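The chain contents come next:
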Amino acid sequence: MAYQPDRSQYPQKKADGTLDIDLASGKYLKLWQGPQHPGITGNMAIELTVCGDEVVEGKTHVGYLHRGFEKLMERRTFMQCFPIVCRICVPEPDFNEYCYAAAVEELAGLEVPELAHWIRTLILEMGRINSYLMYLGGQAGAFGQGVIGQWTTYVRDLMLDRFEELTGARIYHMFIIPGGVRDNLPEGFAARMETTLQEIESTLGDVERVMFHNAVFKKRAVGVGIIAPELLDSYGITGPNARAAGVAKDVRKDQPYLVYPELDFEAVTGKDSDIYTRADVRRRDLLLSIDLIRQILVKMPKSGAVMTKLPNVLHWKIPRGETYIRGECSRGEYGYYLVTDGSGYPRRVNVRGPSYTHSIALFERLVVNANISDVAALLVSLHTYPPEIER
Amino acid sequence: MSIRDVLSPFTAWKNLFRDPVTIADPLNERPGAARYRGFHKNDMDKCIGCGTCETICQNGAIDMLPVSGVPAKLGDSGLRPRIDYGRCCWCALCVDVCMTGSLTMSNEYKWVESNPDLFRFTPGVDKKHWDNAELGYQRHAEKHLTPGERVEMPELEPAARIGSFTEIVDGYSIEQAKLEADRCVSCGLCIATCPAHMAIPDYIKAVRDGDYERGVQLLYETNPFSQVCGRVCTHRCEDSCAARHEGDPIAIRWLKRHIIDQVPQEKVLELIGKPAAPTGKKVAIIGAGPAGLTAAFDLARKGHAVTVFEAQAAAGGMTRYGIPEYRLPYDALDKDIAVITAMGVDIQYNQRVGTDIAMQQLQSDYDAVMLAIGLHQGRSTRIPGSDHPQVRKAVDLLRQITTGEKIEAPKSMVVIGGGNVAMDIARSMARLQLQQHGEIRVTLTALEDKAHFLADPVEIKESLEEQINILDSRGPQACVIDDSGKLLGLKTWKVLSIFDAERRFAPQYDESDEQIHEGEMVVEAIGQMADVSLLGNELTEKLEWNRGRIQIDSNGRTSENWLWSAGDCVKGPDVINAVADGHRVAISIDSVFTQQEAKS
Ligand SMILES: Cc1cc2nc3c(=O)[nH]c(=O)nc-3n(C[C@H](O)[C@H](O)[C@H](O)COP(=O)(O)OP(=O)(O)OC[C@H]3O[C@@H](n4cnc5c(N)ncnc54)[C@H](O)[C@@H]3O)c2cc1C
Ligand code: SF4
Ligand code: SF4
Ligand code: SF4
């Protein structure tokens, strides 16, 4: 869809339709935000053209990470790709592990044990909580409210403790391995998880009082950065960004995977589609994850195999095929498109991270006519993880 | 917006009175979780240097390096993994894939060092404070990333096989072979153990790839007896196989057989190609066993004219006249030999050197002579009564079975010996008994106890299945003969020990534990020796000897510069060693020819 922003005031258009921005005129200013700006989530830059304190044009710049995971994987065996994928998204790595493993399993024709499905679901919800905790700190921080980040970082650390005892690592878990998961829950895990969940709930209560029932936050966030519902499909918007616009898009419900069909929940939605609503949808989605984890720990089988027998992974060849595996991560639809050609290496891996669509195309549109001081909050409200843009 | 939105944020003030949550000294106060993937440990006694950890590491963080104090030995390359923590991402795939379970992880994650080079270290060699840490990432059995169980070989059931000499082992189907080949980790430890250093991981890869022609080419690079070795090789390589440590070794021997079974004979010939142009050099080889024929094959391919003198009516040596048909069918052996003769090797049958043609003749007619006469004289126990005509030698009986001479199977018999030859004769005679008398009555007595039997466990298992009565720790004392001169059986005493303190053969018996084993025939299967009468007195005098065997150098050359020797008669003990020695002699003879050419 051809985008025609409202440019009623400045700048005027030239005959060929491009903006008539004469930097020498003194009316306009170029501003770089990032790649090391605190309001930018990670290594990404925005090139702003402002007129007064109003943004007239914004361009996103990525490419600071110098990575190429998809290409790397074409030269790694199927098992060797397993430790790589988590790095495609630092704050919520487990979707990469899950989507990759599920894609490999489907093309190789492997049956994963039931218990492994439960543990995978558990891990994905734990990761979602951490991702939202980081987001909340970031969203408040973008408006100068540093204390929220201190609180959420603390409880996120408690969840990292649970990750550590379950997976053997805090950040890059490397636990959802093709064929299953690496281990069962450790002894006494459910009880310790419950304590952690209660801590998080209590902190969220504080966050609600201090961040959401806050005149300053409301003044800055309500009615700002509205995503019109008609944009959703044409821009490929998913996740909380879509749900805050009142559309109950949630892969966990729409194309259920793992054990979601056995869990009792509704997709969390909002209606105003502004920064405030998106933050609130995420806060409530976090509470939903807490509830889902409680359900999982009660319903899951208590023992059983967690790994299926694999062929010799050193020369594991997978027949020709292609598949797309998706899941609902904290930012929306996460997907892996895997093509195999009968050799021992993936022919092509394409990673669909929601940040790509949200933070390049959509952001460049939303930023026009925004106030400079809102730019950081706007970008954060789209929930961007640059590593998954540059895979 | 309400008044609440103005007041509510002030609730943050309650945190003024909270203790800080930050841990002041996390590096010293906080251990990693029980299954934390921390720093690596390696058990030096368990690690075999197979390098599988190096192969799996997608970060190239592992290098296999020699380590002082860890010598290479059979089944251990002597190399150990050095890990570069500038590259490692602690994925633990190396731990999951480790073939011995030696490589593990501690739950330690603190290591402060000012010299960055030290972060490249060899776990288990460079001592670290976490070496004795108990906790850390564990690999459970089901997480081992290579399959541990061998694909079972289809075989004839005992009931179906004991009445005939039909081959017992069926051979793998293509699917079975692929599955078995899939288990190999391509570490190459087996290559060092194989006397002929066959390209084992490469030909196993050929099975995985279904590229049997490549497989045949690889086999022929080091062994012209793949039909034979694919069936009866002693497969010492499998004792060194990395897969053995966490399951069954790869069925290397069966995969070799599978390759050669897949390719038709004409194709094999085409793949090997024609020999080189004639060089004008002539070589005489005495004995058409594996040693002689391997050298013949190599020399003929170099263009030398090779004549093999063979006392028997057919080639193959002990592989034909010793090994029973149910283990190695004659047509399989014939295929190997046909490829060798197709290279222009001329085998003169029924020519016993020393009787039909003299050694001196060969010395004067040929540029080089090779002696590969094997061990064809059975040894005797020399116990009282062992000169009775119904006391036979195993090798003589086996030869008779091969040549098709009629053998009157005794209704009952006793075999003396606990090695593979004893099993072969016991099982062969049992088959004849069943054919001629409808029942099996074979007793086998061995000096060794069950735990120290010389025969392969498979041979023992199959013998028992075939109703052979196996008795361990029995020492033969006399063949019992009645007044009319009829052999009644064998008298044995219980063996208390076989060797003395200096490991010399000096069996001790418990005479009170005496048994008579009934047998109309007693077969001695206690070893063979070479019949060196063909050499004649003069040459015997001239040659240097070593404990009853002709002395050879590392190239198989004797003290007489025109004479080489290889195989059982100088070294042994099996086909693949004979093949390896045959190659060595061929290289030596060829290089002598090359030197002669250079001089002239
Ligand atoms: C019963 C039995 C079972 C065995 N089973 C196995 C097994 O399962 N696996 C394995 O690897 N090995 C086995 N072996 C050992 C293996 O057969 C020998 O190690 C191998 O055949 C040795 O090869 P060679 O060429 O040195 O001698 P041989 O194979 O013995 O060949 C020597 C040849 O020289 C000929 N010869 C001797 N004297 C003269 C002469 N004066 N003039 C002309 N020709 C002469 C002989 O007729 C014979 O053909 C077995 C041996 C026996 C006896
Ligand atoms: S833990 Fe992973 S990255 Fe580190 S050495 Fe082992 S295989 Fe390599
Ligand atoms: S895989 Fe295990 S046994 Fe093999 S070299 Fe590595 S540490 Fe040693
Ligand atoms: S057969 Fe065994 S020892 Fe040989 S390369 Fe394969 S795994 Fe290693």
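See the structure shown above.
Parameters at a glance
Within each chain, residues carry numbers counting from 1 in the order of the written sequence. Lettering for chains starts from A, numbering for ligands starts from 1, and both go in the order in which the items are written. Two thresholds apply to this predicted model, a pLDDT of at least 70 for residue-level local features and 80 or more for giving and counting side-chain atom pairs, whereas whole-chain, interface and lining totals are computed over all residues. Water and hydrogen atoms play no part in the side-chain values, which are based on all heavy atoms of the structure. By nonpolar core is meant a set of buried Ala, Val, Leu, Ile, Met, Phe, Trp, Tyr and Cys residues that side-chain atoms within 4.5 Å join together. Working definition: with a 1.4 Å probe on protein chains only, accessible area under 20% of the residue-type maximum means buried, over 50% means exposed, and in between means partly exposed. Throughout, a contact is declared for two residues whenever any of their heavy atoms are within 4.5 Å. Each residue is tested against the molecule or strand, and it is near if at least one of its non-hydrogen atoms lies within 4 Å. By the convention adopted, Pro, Cys, Tyr, Trp, Phe, Met, Ile, Leu, Val and Ala count as nonpolar, Lys, Arg, Asp and Glu as charged, and the other residues, Gly among them, as polar. Two rings belonging to Phe, Tyr or Trp (six-membered ring only in the last case) form a pair when the distance between their centres is within 6.5 Å. Interplanar angles under 30 degrees mark stacking, angles over 60 mark edge-to-face geometry, and anything in between is tilted. Starting at the N terminus, helices and strands are each numbered in turn, a helix being any DSSP run of H or I of at least four residues and a strand any DSSP run of E of at least two. For helices, the fitted line uses only the C-alpha atoms of the stretch in contact; every axis is such a line through C-alpha atoms, and the angle between N-to-C directions lies from 0 to 180 degrees. Every angle not falling under 35 degrees, over 145, or within 65 to 115 is termed oblique; those three ranges are roughly parallel, roughly antiparallel and roughly perpendicular. Should the near helix be turned counterclockwise from the far one by less than a right angle, the crossing is left-handed, whereas a clockwise turn marks it as right-handed. When DSSP locates at least two bridges between a pair of strands, those strands are taken to pair. Assignment of crossover handedness uses the view with strands pointing away from the viewer, where a clockwise path from the first strand over the helix to the second indicates a right-handed crossover.

A. Main features of the nonpolar core. Formed by 214 residues in total, the largest nonpolar core has its most connected members in Met79 and Tyr336 of chain A. Excluding anything up to four places from it in sequence, Tyr336 of chain A contacts Met73, Val85, Ile88, Asn96, Cys99, Tyr100, Thr323, Tyr324, Ile325, Val349, Asn350 and Val351 of chain A. With 31 residues, the next largest nonpolar core counts Ile162, Leu398, Ile440 and Val442 of chain B among its residues.

B. Highlighting the site of ligand 3. In the vicinity of ligand 3 there are 15 residues, among which Cys47, Cys50, Gly51, Cys53 and Cys98 of chain B approach most closely. Along the lines of polarity and charge, the residues of the shell around ligand 3 split into 9 nonpolar, 6 polar and no charged.

C. Region of the structure containing the packing of aromatic side chains. Residue and element names in this part refer to chain A. Evaluated as defined, the whole model comprises 28 aromatic pairs over all chains. Centroid distance Tyr98 to Tyr257: 5.6 Å. Interplanar angle 25 degrees. Geometry classified as stacked. Of this pair, Tyr98 sits in helix H3 (residues 94–108) while Tyr257 sits in the loop between helix H10 (251–254) and helix H11 (275–299), and the two are 159 residues apart along the sequence. Here Tyr98 falls in the buried class, since its relative accessible area comes to 6%.

D. Examining the packing of helix H5 (residues 146–167) of chain A against helix H6 (residues 189–212) of chain A more closely. Residues and elements named next belong to chain A. Contact geometry of H5 with H6 gives a least axis separation of 10 Å together with a crossing angle of 165 degrees. The pairing of H5 with H6 is recorded here as roughly antiparallel in orientation. Regarding H5 and H6, the two cross each other, and that crossing is left-handed. Side by side, H5 and H6 meet where Ile148, Trp151, Thr152, Tyr154, Val155, Leu158, Met159, Arg162, Glu165 and Leu166 of the first sit next to Phe189, Arg192, Met193, Thr196, Leu197, Glu199, Ile200, Thr203, Asp206, Val207, Val210 and Met211 of the second. Tallied by class, the residues present in the contact of H5 with H6 amount to 14 nonpolar, 3 polar and 5 charged.

E. How the structure looks around the pairing of strand S7 (residues 305–309) of chain B. All names here are of chain B. Counting buried residues along S7, 4 of its 5 residues qualify, which places the element largely inside the surrounding structure. Pairing geometry for strand S6 (residues 282–286) and S7, over 5 bridges, is parallel. Residue pairing in the sheet places Ile285 in a bridge with Val308 of S7. As for the winding sense of the linkage, the β-α-β connection from S6 through helix H14 (residues 290–301) to S7 is right-handed. As paired strands, S7 and strand S8 (residues 346–348) are joined by 3 bridges and run parallel to one another. Looking at S8, one finds that Val308 is bridged to Ile347.

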